[in-house]
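If you want the building blocks of each chain, they are given just below.
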Amino acid sequence: QSQQSQQSNELSSSPSSAVFANTMGIYQLKQQYSALKRKYDQQSMEIEQIKNLNDHLIDENKELQIEIESLKDEVSTLKQNRNKSKDYVLWNTDDIIEWILEQGNGRFKKYAQELRQNLPLENIMGVELHQVTEPNLKEFGISGFGDRKCLMKCITNLVSSGTETEGVVTMSYDGHQNND
């Protein structure tokens, strides 16, 4: 009898403890589900914010690309207008520097820093180019003897022709003349 009562106690307590265990398991699963759902919702919001930021950055990038292209066009137009004017006497220091850097197939680009530093100090203008001498070129930062000779020839041809490009003689790196 005592075994029967013990078995019946186990049977009677077993279903309630099983129900309790199942209830606790379900409760824990619901809590885990709720925590995961909150985390999922939070991450979904963050993903949406990142998507919105990405869309904004894409739009901003497109606008900046358009602005860059516009500025490139403007620079090109300004260069063309400078070239169209061809009247070197109207040039300012920056125009002279750019012209020098374009001569000799880029031969003078190595002097860009010195020219940008020294020519504004001299405040040389296009109207004064006819007065430039080789010693002046050295003061401007053109240190190479052959480079000064070549640039002096370019300036002489510019001044004598009265235009920017007509009759300009450039010298190649090996010292041979090229008539442009």
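Since the model is a prediction, treat every value here as computed from it, not as a measurement.

Along its length, the protein chain carries five helices and two strands. When the helices and strands of the protein chain are listed from N to C terminus, the series reads α-α-α-α-α-β-β. Taking the contacts inside the protein chain whose residues are at least 6 apart along the sequence as the reference set, 51% of them involve residues at least 24 apart. Summing over all exposed atoms, the protein chain offers an accessible surface of approximately 12,900 Å²; the carbon and sulfur share of this is 53%.

Right, let's get into the packing of helix H2 (residues 93-102) against helix H3 (residues 112-122). The contact between H2 and H3 brings their axes to 10 Å, and the two run at 155°. In terms of their interaxial angle, H2 and H3 are classed as roughly antiparallel. The two elements H2 and H3 cross, and the hand of that crossing is right-handed. Residues Thr93, Ile96, Ile97, Glu98, Ile100 and Leu101 of H2 pack against Ala112, Leu115, Arg116, Leu119 and Pro120 of H3. For the contact of H2 with H3, a count of residues per class yields eight nonpolar, one polar and two charged.

Within the span of H3, buried status applies to Ala112, Leu115, Asn118 and Leu119. Buried residues of H3, viewed axially, fall in a sector of 140°; they line one side. Away from its buried face by more than 90 degrees, H3 exposes Gln113, Gln117 and Leu121. Summarising the contacts, the buried residues of H3 are in contact with H2 and helix H4 (134-140). Phi turns positive one or two residues past the end of H3, at Asn123, with a value near 55°.

With that settled, the discussion passes to helix H5 (residues 145-161). In this model H5 runs 24 Å from its N-terminal to its C-terminal C-alpha over 17 residues, within 8% of the 24 Å that 1.5 Å per residue would give. If you check which residues of H5 are buried, you get Asp147, Arg148, Cys150, Leu151, Met152, Cys154, Ile155, Asn157 and Leu158.

Next up on the list: unusual backbone geometry. Positive phi is not limited to glycine here, since Asn105 has a value of about 50°. Among the secondary structure elements, Asn105 is positioned in the loop between H2 and H3. Since its relative accessible area comes to 62%, Asn105 is described here as exposed. Positive phi values are uncommon outside glycine, yet Asn123 reaches one of about 55°.

This next bit is on the pattern of salt bridges. In a structure, side chains of opposite charge can pair up when their charged atoms sit close to one another. In total, this model carries six salt bridges according to the counting rule given. Across the pair Asp41 and Lys37 runs a salt bridge whose closest N-O atoms are separated by 3.1 Å. You can see Asp41 and its partner Lys37 sitting in helix H1 (residues 2-85), four residues apart, about one turn around the helix. A salt bridge links Glu69 to Lys72; the nearest nitrogen and oxygen atoms lie 3.7 Å apart. With a gap of three residues between them, Glu69 and Lys72 both fall in helix H1, about one helical turn apart. Connected through shared salt-bridge partners, Arg107, Lys110 and Asp147 make up one network.

On the surface, Phe20, Met24 and Tyr27 cluster together to form a nonpolar patch covering roughly 330 Å² of accessible area. Within the secondary structure layout, Tyr27 lies in helix H1.

So, on to the nonpolar core. Core analysis: the largest hydrophobic core is formed by 24 residues, its most contacted members being Trp99, Ile100, Leu115, Leu119, Leu137 and Leu151. Those elements that place two or more of their residues in this core are H2, H3, H4 and H5. Residue contributions to this core peak at six residues, all from H5. Those residues in contact with Leu115 that sit more than four places away from it in its chain are Ile97, Ile100, Leu101, Pro120, Phe140 and Ile142.

Calculation rules
Residues numbered from 1 in each chain as written. Predicted model: local features only at pLDDT ≥ 70, side-chain atom pairs only at ≥ 80, totals over all residues. Heavy atoms only, no water. Helix = DSSP H or I, 4+ residues; strand = E, 2+ residues; numbered from the N terminus. Contact = heavy atoms within 4.5 Å. Areas by Shrake-Rupley, 256 points an atom, 1.4 Å probe, with all protein chains shown as cover. Axes fitted to C-alpha atoms, helices over the stretch in contact; angles between N-to-C directions. Parallel < 35°, antiparallel > 145°, perpendicular 65-115°, else oblique. Left-handed = near helix turned anticlockwise from the far one by under 90°. Nonpolar A, V, L, I, M, F, W, Y, C, P; charged D, E, K, R; others polar. Buried < 20%, exposed > 50% of the residue type's maximum accessible area, 1.4 Å probe, protein only. Arc of directions from axis to C-beta. Expected span 1.5 Å × (residues − 1). Salt bridge = Lys/Arg side-chain N within 4 Å of Asp/Glu carboxyl O. Patch = residues over 30% accessible without salt bridge, like charges linked within 9 Å, V, L, I, M, F, W, Y side chains within 5 Å. Core = buried A, V, L, I, M, F, W, Y, C linked by side-chain atoms within 4.5 Å.

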